[in-house]
Amino acid sequence: MHLARFPRRFVAHLPTPLERMDRLSEVLGGPEIWIKRDDCTGLSTGGNKTRKLEFLMAEALEQGADMVITQGATQSNHARQTAAFAARLGLGCHLLLEDRTGSNDPNYNGNGNVLLDYLHGATTEKHPGGTDMAAEMEAVAETLRAKGRKVYVIPGGGSNPVGALGYVNCAYELLGQCNDRGLRIDHIVTATGSAGTQAGLITGLKAINAGIPLLGFGVRAPKEKQEENVFALAARTADLLGCSGVVGRADVVADSSYVGAGYGIPREDTLEAVRMFAQLEGILLDPVYSGKAAAGLIDWCRKGRFKKGQRIVFIHTGGSAALFGYDGILR
Ligand SMILES: *Cc1c(COP(=O)(O)O)cnc(C)c1O
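The structure displayed is predicted, hence computed values, not measured ones. (Residues numbered from 1 in each chain as written. Predicted model: local features only at pLDDT ≥ 70, side-chain atom pairs only at ≥ 80, totals over all residues. Heavy atoms only, no water.)

K.L.:
Please give an account of the overall build of the protein chain that cites residues and values.
P.N.:
Across its full length, the protein chain holds 12 helices and 10 strands. Projected onto the principal axes, the alpha-carbon positions of the protein chain cover approximately 60 × 50 × 35 Å. For the protein chain, the accessible area works out to roughly 12,900 Å², and carbon and sulfur atoms hold 51% of it. Averaged over its 36 positive side-chain charges, the protein chain has a centre that lies 3 Å from the centre of its 35 negative ones. (Helix = DSSP H or I, 4+ residues; strand = E, 2+ residues; numbered from the N terminus. Areas by Shrake-Rupley, 256 points an atom, 1.4 Å probe, with all protein chains shown as cover. Lys, Arg positive; Asp, Glu negative; His and termini not counted. Charge placed at Lys NZ, Arg CZ, Asp CG, Glu CD.)

Put into structure tokens, the structure is as follows:
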């Protein structure tokens, strides 16, 4: 698969490390658990959006943009990485932030990713939960264009076929690391939200015939809806790559059992997962995405759905900056 034919702006620290989690594996007493450190992509505390933005920002530059706009939740890691990437390129950045949790906590509303958005020089505007954010973005883009700005609109989470190329590349990178080290992998797991990460990974895995199943732990939508979103984006990503139809519906598997009350609202098992990774491995998860995915991973191990003799890779998608927006809940 020839990814170099797509424009790309190289910023991420790649390859991200692939490490064995000895103490977590031992405590759970089941499979050997490895972690792919996409929390270490290097840009403004890292995270999965940096891989997607390498392709999206290259397209923005190619189109002559002088600024980008995007949208996300108040504590959006995607918004923060977009603000940092734009700063790096000398582009303007405007962020539309949706209040999905209704939290009045001053840290949630001003610390963590929100503080970093501000430090990177992005401007922000807030919208109530349930707003049609894609429509809002188009309206804002039109207003800015009328004022003469050259605006590139990045969808929420950077999740379109161009952004998903970042995770096609991650699939190749991970397989290369496993092959180089002689590591046979039984299952890959990741958090799944706006779908670009899972869609890119499954497209990459299928395109190289990896033969490794992928499981996405949902953070918002119910299982069926999440799988449909991922499958639709994977199909479009495969079209872009010139391998249409490579992903079957059955290749897309999500489990949304660990979402709880809703997006951005941690459950007790989310907090337990955050503490376990912090105290057994010295690794910071987040309470919105990777904490819920890790709660799913831990539960699958405890229930024997992942078991002794297997080797599992957990893709750590980042998000630790959001911890500082949740200190009241975490203490
Ligand atoms: C955005 C995000 C995800 C989800 O990735 P999608 O591509 O939106 O599905 C997972 N973890 C973290 C920390 C994120 O910021």
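Right, picking up where we left off after that structure.
K.L.:
Hey, could you go over the packing of aromatic side chains for me, with residue numbers and the actual values?
P.N.:
Per the stated rule, a full pass over the model turns up six aromatic pairs. Ring centres of Tyr263 and Tyr289 lie 5.8 Å apart, and the angle between their planes is 75°; on these two criteria the pair is classed as edge-to-face. Taken together, the positions of Tyr263 in the loop between strand 9 (253–255) and helix 10 (268–281) and Tyr289 in the loop between helix 10 and helix 11 (290–302) put the pair 26 residues apart, joining distant regions of the chain. Note on Tyr263: relative accessible area 9%, which makes it buried. On the basis of an interplanar angle of 40° and a centroid distance of 5.0 Å, the ring pair of Trp300 and Phe306 is categorised as tilted. Just as Trp300 is buried, Phe306 falls in that class too. (Phe/Tyr/Trp six-rings, centres within 6.5 Å; stacked < 30°, edge-to-face > 60°. Buried < 20%, exposed > 50% of the residue type's maximum accessible area, 1.4 Å probe, protein only.)

K.L.:
Would you mind going over the sheet that holds strand 5 (residues 123–128) in detail, with residue names and values included?
P.N.:
As a general point, the strands of a sheet are linked pairwise by backbone hydrogen bonds and lie either parallel or antiparallel. The strand order across the open sheet built from four strands is 5-4-3-6, with neighbouring strands paired in parallel fashion. The strands lining the two open edges of the sheet, one partner per strand, are strand 5 and strand 6 (151–153). Taken over all neighbouring pairs, the strand axes of this sheet differ in orientation by 25° on average, direction set aside. The sheet contact formed by strand 4 (residues 92–99) and strand 5 spans six bridges and is parallel. (Pairing = 2+ DSSP bridges. Axes fitted to C-alpha atoms, helices over the stretch in contact; angles between N-to-C directions.)

K.L.:
Now, about helix 7 (residues 161–181): what can you tell me, with residues and values included?
P.N.:
Given a rise of 1.5 Å per residue, 21 residues ought to cover 30 Å, and the 30 Å separating the end C-alpha atoms of helix 7 matches this to within 8%. Of all 21 residues that make up helix 7, 17 are buried, and the element is covered over most of its length. One side-chain oxygen of the residue at the start of helix 7 lies 3.2 Å from the amide nitrogen of Val162, identifying that residue as Asn160. Within two residues after helix 7, Gly182 carries a phi angle of roughly 65°, on the positive side. (Expected span 1.5 Å × (residues − 1). Polar contact = N/O pair within 3.5 Å; in protein donor to acceptor, adjacent residues only side chain to side chain.)

K.L.:
Could you give an account of the packing of helix 2 (residues 49–62) against helix 7, with specific residues and numbers?
P.N.:
Running from amino to carboxyl end, helix 2 crosses helix 7 at an angle of 135°, the nearest separation of the two axes being 6 Å. One way to sum up the angle between helix 2 and helix 7 is to call them oblique. Both helix 2 and helix 7 take part in a crossing whose hand is right-handed. Facing helix 2, whose interface residues are Arg51, Lys52, Phe55, Leu56 and Glu59, helix 7 presents Val162, Gly163, Leu165, Gly166, Tyr167, Asn169, Cys170 and Glu173. In terms of residue class, the contact of helix 2 with helix 7 is made up of six nonpolar, three polar and four charged. (Parallel < 35°, antiparallel > 145°, perpendicular 65-115°, else oblique. Left-handed = near helix turned anticlockwise from the far one by under 90°. Contact = heavy atoms within 4.5 Å. Nonpolar A, V, L, I, M, F, W, Y, C, P; charged D, E, K, R; others polar.)

K.L.:
Summarise the packing of helix 2 against helix 3 (residues 77–89); cite the residues concerned and give the values.
P.N.:
Their axes nearest at 10 Å, the elements helix 2 and helix 3 cross at an angle of 45°. Overall, the two elements helix 2 and helix 3 adopt an arrangement that is oblique. Relative to helix 3, helix 2 is oriented so that their crossing is right-handed. Residue-level contacts link Lys49, Thr50, Leu53, Glu54, Met57 and Leu61 of helix 2 to Asn77, His78, Gln81, Thr82, Phe85, Ala86 and Leu89 of helix 3.

K.L.:
Give a description of the site of the ligand that names residues and reports values.
P.N.:
Taken together, 17 residues surround the ligand, and among them Lys49, Lys52, Gly193, Ser194 and Thr317 come closest. Between the ligand and the protein, one listed contact pairs an oxygen atom with a side-chain N or O atom of Asn77 at 3.0 Å. At 2.6 Å, a side-chain N or O of Thr317 approaches a nitrogen atom of the ligand. Taking 380 Å² as the accessible area of the ligand by itself, protein coverage stands at 98%. Contributing elements (two or more residues each) for the shell around the ligand: helix 2, strand 7 (187–192) and helix 8 (196–207). Grouping the constituent residues of the shell around the ligand by class yields three nonpolar, 11 polar and three charged. (Near = heavy atom within 4 Å.)

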